[in-house]
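Chain and residue survey
What follows is each chain in one-letter form.
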Amino acid sequence: MSPLATPRALVFDWDNTLVDNWPAIHQALNATFAAMGHELWTLDETKARVRKSLRDSFPEMFGGRWEDARKVFYDTFAEVHLTHLQPLAGAGEGLATLVAAGLPLAVVSNKNGAYLRAEADALGWSGHFIHIVGATDAAADKPAPDPVHMALLDSGLTPGPDIWFIGDGAIDVECAKAAGLTPIVLESPEIRAELTRHKLDQFVGDDNFVAGMSGLLALLGLEVRTTARSKKETSGP
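Below, the structure is looked at part by part. Small disclaimer: the values here were computed from a predicted structure and weren't measured.

On to the environment of G124. With respect to the secondary-structure elements, G124 resides in the loop between α6 (113-122) and β5 (129-135). Under the relative-accessibility criterion, G124 is labelled partly exposed at 41%. Note: C-alpha distance between G124 and G92 (32 residues apart in sequence) is 8.8 Å.

With that settled, consider the pattern of salt bridges. Going through the model one piece at a time under the given rule, you end up with 14 salt bridges. Across the pair D141 and R55 runs a salt bridge, and its minimum N-O distance is 2.6 Å. Highlighted residues: D141 in the loop between β5 and α7 (146-151) and R55 in helix α3 (residues 54-62), separated in sequence by 86 residues. Of the residues examined, R55 reaches a relative accessible area of 28% and is grouped as partly exposed. R192 is the partner of E187 in a salt bridge, and the nearest nitrogen-oxygen pair spans 2.8 Å. According to the relative accessible area criterion, E187 is partly exposed, its value standing at 36%. Each of the salt bridges in this network shares a partner with another, and the network as a whole consists of D13, K142 and D172.

Glancing now at the packing of helix α1 (residues 22-36) against α3. Relative orientation of the contacting elements α1 and α3 amounts to 30°, with a least axis distance of 13 Å. It follows from the interaxial angle that α1 and α3 lie roughly parallel. Considering how the two elements wind past one another, α1 and α3 form a crossing that is right-handed. Only F58, M61 and F62 of α3 make contact with α1, whose side of the interface consists of L29, T32, F33 and M36. Counted by class, the contact of α1 with α3 contains six nonpolar, one polar and no charged residues.

So, how was this worked out
Residues numbered from 1 in each chain as written. Predicted model: local features only at pLDDT ≥ 70, side-chain atom pairs only at ≥ 80, totals over all residues. Heavy atoms only, no water. Helix = DSSP H or I, 4+ residues; strand = E, 2+ residues; numbered from the N terminus. Buried < 20%, exposed > 50% of the residue type's maximum accessible area, 1.4 Å probe, protein only. Salt bridge = Lys/Arg side-chain N within 4 Å of Asp/Glu carboxyl O. Axes fitted to C-alpha atoms, helices over the stretch in contact; angles between N-to-C directions. Parallel < 35°, antiparallel > 145°, perpendicular 65-115°, else oblique. Left-handed = near helix turned anticlockwise from the far one by under 90°. Contact = heavy atoms within 4.5 Å. Nonpolar A, V, L, I, M, F, W, Y, C, P; charged D, E, K, R; others polar.

So far we have only geometry, and geometry alone does not tell us how the molecule works.
Here you go:
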């Protein structure tokens, strides 16, 4: 596998990469399952199964009633997502460090774009990113390359291996591959097996794995700025 290209820019996934909002996603999903007469999921099942965007996954899950299910999900999610939102350890300081180092940053997520941008604003992070692209913003969602192209729009940046896509799941690696970016994967107990199941392990060498934001900064040879904290980190729950 080729050595990692020095990055000109970084594209981040959102959930489980920069923030933890699983309780809100789980609550909204189970409200939807209850309304649709489906069996409820445990939190662990939600974390393991949620990967695709709603517009890609709900028609598969609910068939002709998927639009009804979408309304229940978003009605519930809108009420709780900012309450449950928490930055992952070191995320706010890490983003500030990357911005100070002159690296353009963007977000590509399968969370609905309006809610995604509301969360970034609540954390005080919106100004860190050239674009924040969520589900339904582009013609297709991850793993298609469309949202990556939108995230780099008007930035002077063109997709290539010197732009890194940082994420926690196989769908992020698949998206990076489709867009021609270098995948950087957050290490976890499950991720290597997940990549193998999806036949994506061949595209990710040991150097492509990092242990969270601190591991990413170490890979880039950067020392964390300790002065910047997110709104959530400074205001508490």
